[in-house]
Amino acid sequence: MSCIFCRIAAGEIPSPRVLETPDLIAIRDIAPQAPAHLLVIPRRHVESLASLEDASLGGKLLEGVREAARLAGLAEYRLIANTGASAGQTVFHLHFHVLGGRPLGALG
Ligand code: AMP
């Protein structure tokens, strides 16, 4: 298994979980861009949001974002899904970034 997020989801690479459900995990980003920087990751390998065909899984991921943010104590946060290399995606396993804990300002 070469996908790093598949390996984390399978427990092959240790990464403390903020949240885990049968469908997803939420972990802390290894290189945080804000005081709180979570990643919400489906257990199933899906390359990006553009290739997500399961609307039910999409809904579960959004619910996971809300719950992970709540557990991290974030009342306000930014949600990002880099989709494709030119958008900054570097890990080609769908994930949502949840950023908060400081004022984030406007998107540049
Ligand atoms: P993206 O550039 O949108 O594909 O985001 C990938 C994110 O995964 C980056 O913010 C990385 O810091 C993060 N990342 C890569 N490897 C790990 C890891 N082992 N544990 C936690 N976060 C990771």
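Quick summary incoming for the structure in this document. Note that the structure is a prediction, hence the values are computed from the model and not measured.

1. Description of helix α2 (residues 55-71)
Piece 1. The terminal C-alpha atoms of α2, which comprises 17 residues, lie 24 Å apart, in line with the 24 Å expected from a rise of 1.5 Å per residue.
Piece 2. Considered for burial, the residues of α2 that qualify are Leu-57, Gly-58, Leu-61, Gly-64, Val-65, Ala-68 and Ala-69. Along α2, the residues classed as buried sweep out an arc of 125 degrees about the axis, all on the same side. In α2, the exposed positions that point more than 90 degrees away from the buried face belong to Ala-55, Arg-66 and Arg-70.
Piece 3. Elements that come into contact with the buried residues of α2 comprise β1 (17-20), β2 (24-28), β3 (36-42), β4 (78-80) and β5 (96-100).

2. Considerations on a nonpolar patch on the surface
Piece 1. On the surface, Leu-62, Tyr-77 and Leu-79 cluster together to form a nonpolar patch covering roughly 250 Å² of accessible area.
Piece 2. Summarising the element assignment, Tyr-77 is placed in the loop between α2 and β4.

3. Some details on the sheet that holds β4
Piece 1. The five strands lie next to each other as β1-β2-β3-β5-β4, forming an open sheet whose pairing is antiparallel. Across the chains shown, the open sheet's two edge strands, defined by having one partner strand only, are β1 and β4. Averaged over all adjacent pairs, the angle separating strand axes in this sheet is 20 degrees, with direction ignored.
Piece 2. Running over the sheet, α2 touches β1, β2, β3, β4 and β5 and is turned about 155 degrees from β3.

Parameters at a glance
- Residues numbered from 1 in each chain as written.
- Predicted model: local features only at pLDDT ≥ 70, side-chain atom pairs only at ≥ 80, totals over all residues.
- Heavy atoms only, no water.
- Helix = DSSP H or I, 4+ residues; strand = E, 2+ residues; numbered from the N terminus.
- Expected span 1.5 Å × (residues − 1).
- Buried < 20%, exposed > 50% of the residue type's maximum accessible area, 1.4 Å probe, protein only.
- Arc of directions from axis to C-beta.
- Contact = heavy atoms within 4.5 Å.
- Patch = residues over 30% accessible without salt bridge, like charges linked within 9 Å, V, L, I, M, F, W, Y side chains within 5 Å.
- Areas by Shrake-Rupley, 256 points an atom, 1.4 Å probe, with all protein chains shown as cover.
- Salt bridge = Lys/Arg side-chain N within 4 Å of Asp/Glu carboxyl O.
- Pairing = 2+ DSSP bridges.
- Axes fitted to C-alpha atoms, helices over the stretch in contact; angles between N-to-C directions.

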